[in-house]
Amino acid sequence: MVQPSPRRTDVPGTAITTPLNEEGAAGRTTISSLVVQKVAGLAAREIAGVHALGGGVSRAFGALKERIPGSGTTSTAGVAVEVGEKQTAIDLDLVVEYGARIVEVSRAVRRNVIEAVEQITALEVIEVNIAVNDVHLPDEDDEPDSSRVE
């Protein structure tokens, strides 16, 4: 029976994880950029003050795609990643709720994304760039305005 390699803690409060592809390992592990995109997107949405991910065009495309049967959802809209063998860089486009402190929301998103991606994938996150593209106002509808005529 193969035992998973345990996490070592050399310093209290810190965990050292084993690298993805160790010398002498019996195989190789690769992680798709789609996996990193989904993890980062979900982690960003967990933060209070984040209304949505993506700019206006990607959100409109995502809303259209969700209406097509069998197309699935676009959980990666607003998330771009570069994935290497041991590291990743992440770019996020956010829409923030009106009244939220953008700097604090960005800081919390960055921290949560780094923690989630590193914990789930064991890739080192070297940067998380955040672009706040819009502010969602409380009276804005997410649905497009309907026409007055039928």
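Residues numbered from 1 in each chain as written. Predicted model: local features only at pLDDT ≥ 70, side-chain atom pairs only at ≥ 80, totals over all residues. Heavy atoms only, no water.

All right, on to helix α3 (residues 102-121) then. The first and last C-alpha atoms of α3 sit 28 Å apart over 20 residues, in line with the 28 Å expected at 1.5 Å per residue. For α3, the complete set of buried residues consists of V105, S106, A108, V109, N112, V113, A116, V117 and T121. Viewed along the axis of α3, the buried residues span an arc of 165 degrees, placing them on a single side of the element. Opposite the buried face of α3, at more than 90 degrees from it, the exposed residues are V103, R111, E115 and Q119. Looking at the buried residues of α3, the elements they touch are α1 (33-45), β1 (50-53), β3 (87-97) and β4 (124-136). Phi turns positive one or two residues past the end of α3, at A122, with a value near 65 degrees. (Helix = DSSP H or I, 4+ residues; strand = E, 2+ residues; numbered from the N terminus. Expected span 1.5 Å × (residues − 1). Buried < 20%, exposed > 50% of the residue type's maximum accessible area, 1.4 Å probe, protein only. Arc of directions from axis to C-beta. Contact = heavy atoms within 4.5 Å.)

Moving on, we come to the confidence of the model for the protein chain. In the predicted model, the protein chain carries a mean pLDDT of 79, and the fraction of residues at 70 or more is 64%. Across the protein chain, the element-wise mean pLDDT spans from 49 in helix α2 (residues 56-66) up to 98 in α3. (pLDDT = per-residue confidence, 0-100.)

As a further point, take the pattern of salt bridges. Under the counting rule described, the total for this entry stands at two salt bridges. The partner of R28 in a salt bridge is E85, with the nearest N and O atoms 3.9 Å apart. In this pair, R28 is assigned in the segment before α1 and E85 in the loop between β2 (79-83) and β3, connecting sequence segments 57 residues apart. The exposure class of R28 is exposed, given its relative accessible area of 58%. Note on E85: relative accessible area 45%, which makes it partly exposed. Two residues, E104 and R101, come together in a salt bridge whose shortest N-O distance is 3.7 Å. (Salt bridge = Lys/Arg side-chain N within 4 Å of Asp/Glu carboxyl O.)

A few words on the side chain of T121. Inspection of the secondary structure assignment puts T121 in helix α3. Residue T121 is classed as buried on the basis of its relative accessible area of 4%. At a separation of 2.5 Å, a polar atom in the side chain of T121 contacts the main-chain carbonyl oxygen of V117. Of note is the side chain of T121, whose polar atom sits 3.1 Å from the backbone nitrogen of L123. (Polar contact = N/O pair within 3.5 Å; in protein donor to acceptor, adjacent residues only side chain to side chain.)

Moving on to the side chain of H136. Inspection of the secondary structure puts H136 in strand β4. A distance of 3.3 Å separates a polar atom in the side chain of H136 from a polar atom in the side chain of E97.

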